[in-house]
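For reference, the chains in residue letters:
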Amino acid sequence: MRDLVVKILVKIGLYKPIVEWINRLKFEVQARRMKRDGLAMLEAADIAFTKMGVRAFLTYGALLGAYREHGFISYDPDIDLGVLENELPEDIHEQMERAGFRLLRQNYIGTTGQVVEETYEYKKLHLDIFIYIREGDDFYSVIQRRHETKEWKEANETDGFPCDRSYVPACEFERRDFLGLKVYMPIETDGWLRAIYSDSYMTPIKNWTAKDYKTRIIHTNDRSYRKYL
């Protein structure tokens, strides 16, 4: 029944606006939860990764909020952390579960099976983990895009989603203050934010969408898929 309804909505052009409306409602609910419990989740994640010997650093919206807003961005529904691929332990999922984080989803490259992003749940909040890979003088993470024409479930069952590589300058990380916590951030924070959001990143964009950012992007032929746990 669900698939039939989706096909009808896609055919008459209502699927995308309905999904966007539902997502806006979800974002509003999650943003309120973030204001209440986001700092506690970040602290729990930092403790868990530190025990693993992993430097989990702020990236994307979390890094932008820390640098520009000196806190969370008011409309951000989750926390984005990055980890270096070569630092990840084999038992990361078991250790995260013991710390109170439940693995919800993995994004992986279809041809290789390489996991490029994971989403965890902690007290109804979401933590997105982006896996960064070294390439020359840069790190890159893989960003999954919407399918060109299909809704997500059909895309996931067929040819997958288009992927981009988002490049940032390779650098070291240091602990800096974030709302009273000392968390890892890239030393070249300004360079990262310019690479991700362009030189105008200090100016908030109303009704921001993914089309408004990513200046150092490489489009790839890879297709990625979602695995729900």
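Basis of the calculations
- Residues numbered from 1 in each chain as written.
- Predicted model: local features only at pLDDT ≥ 70, side-chain atom pairs only at ≥ 80, totals over all residues.
- Heavy atoms only, no water.
- Axes fitted to C-alpha atoms, helices over the stretch in contact; angles between N-to-C directions.
- Helix = DSSP H or I, 4+ residues; strand = E, 2+ residues; numbered from the N terminus.
- Parallel < 35°, antiparallel > 145°, perpendicular 65-115°, else oblique.
- Left-handed = near helix turned anticlockwise from the far one by under 90°.
- Contact = heavy atoms within 4.5 Å.
- Nonpolar A, V, L, I, M, F, W, Y, C, P; charged D, E, K, R; others polar.
- Buried < 20%, exposed > 50% of the residue type's maximum accessible area, 1.4 Å probe, protein only.
- Arc of directions from axis to C-beta.
- Core = buried A, V, L, I, M, F, W, Y, C linked by side-chain atoms within 4.5 Å.
- Lys, Arg positive; Asp, Glu negative; His and termini not counted.
- Salt bridge = Lys/Arg side-chain N within 4 Å of Asp/Glu carboxyl O.
- Polar contact = N/O pair within 3.5 Å; in protein donor to acceptor, adjacent residues only side chain to side chain.
- Phe/Tyr/Trp six-rings, centres within 6.5 Å; stacked < 30°, edge-to-face > 60°.
- Lys NZ or Arg CZ within 6 Å of the ring centre and 35° of its normal.

Our focus in this paragraph is the packing of helix α3 (residues 60-69) against helix α6 (residues 189-197). Direction vectors running N to C along α3 and α6 enclose 125 degrees, while the axes themselves pass 11 Å from each other. Overall, the two elements α3 and α6 adopt an arrangement that is oblique. Crossing geometry of α3 relative to α6 is assigned as left-handed. Every residue of α6 that contacts α3 at Y60, G61, L63, L64 and Y67 is listed here: T189, D190, W192, L193, I196 and Y197. Residue classes in the contact of α3 with α6 are distributed as eight nonpolar, two polar and one charged.

What follows covers α6. For α6, the set of buried residues is T189, W192, L193, A195, I196 and Y197. All buried residues of α6 lie within an arc of 165 degrees about the axis, which places them on one face of the element. One or two residues past the end of α6 sits S198, with phi positive at roughly 85 degrees.

Here we come to the nonpolar core. F49, L58, L81 and L127 are the most contacted members of the largest nonpolar core, which totals 50 residues. Per-element accounting of this core gives the leading share, seven residues, to helix α2 (residues 15-52). Those residues in contact with L58, other than ones at most four positions away along the chain, are L42, L63, A66, D80, L81, F178, V183, Y184, M185 and P186. Among the nonpolar cores identified, the runner-up in size contains seven residues, and V116, I133, C163 and Y167 belong to it.

With that settled, consider the side chain of E118. Secondary-structure assignment places E118 in strand β4 (residues 115-122). The side chain of E118 is buried and forms no salt bridge, while K227, the nearest opposite charge, is found at 9.0 Å. Engagement of the side chain of E118 in a polar contact is seen with the side chain of Q106, the distance being 2.7 Å. A polar atom in the side chain of E118 sits 2.8 Å from the side chain of Y120.

Overall, the coordinates contain 14 aromatic pairs when judged by the stated rule. The ring of F161 has R226 sitting right over it, with the charged end atom 4.5 Å from the ring centre.

Next up on the list: the pattern of salt bridges. Scanning the model with the defined rule gives 14 salt bridges in all. Between D159 and K150 there is a salt bridge, and its shortest N-O distance comes to 3.2 Å. Residues R176 and E174 are paired through a salt bridge, measuring 2.8 Å at the closest nitrogen-oxygen approach. Looking at E174, the relative accessible area reads 34%, which means it is partly exposed. Through salt bridges with shared partners, a single network forms among E148, K150, D159 and R223.

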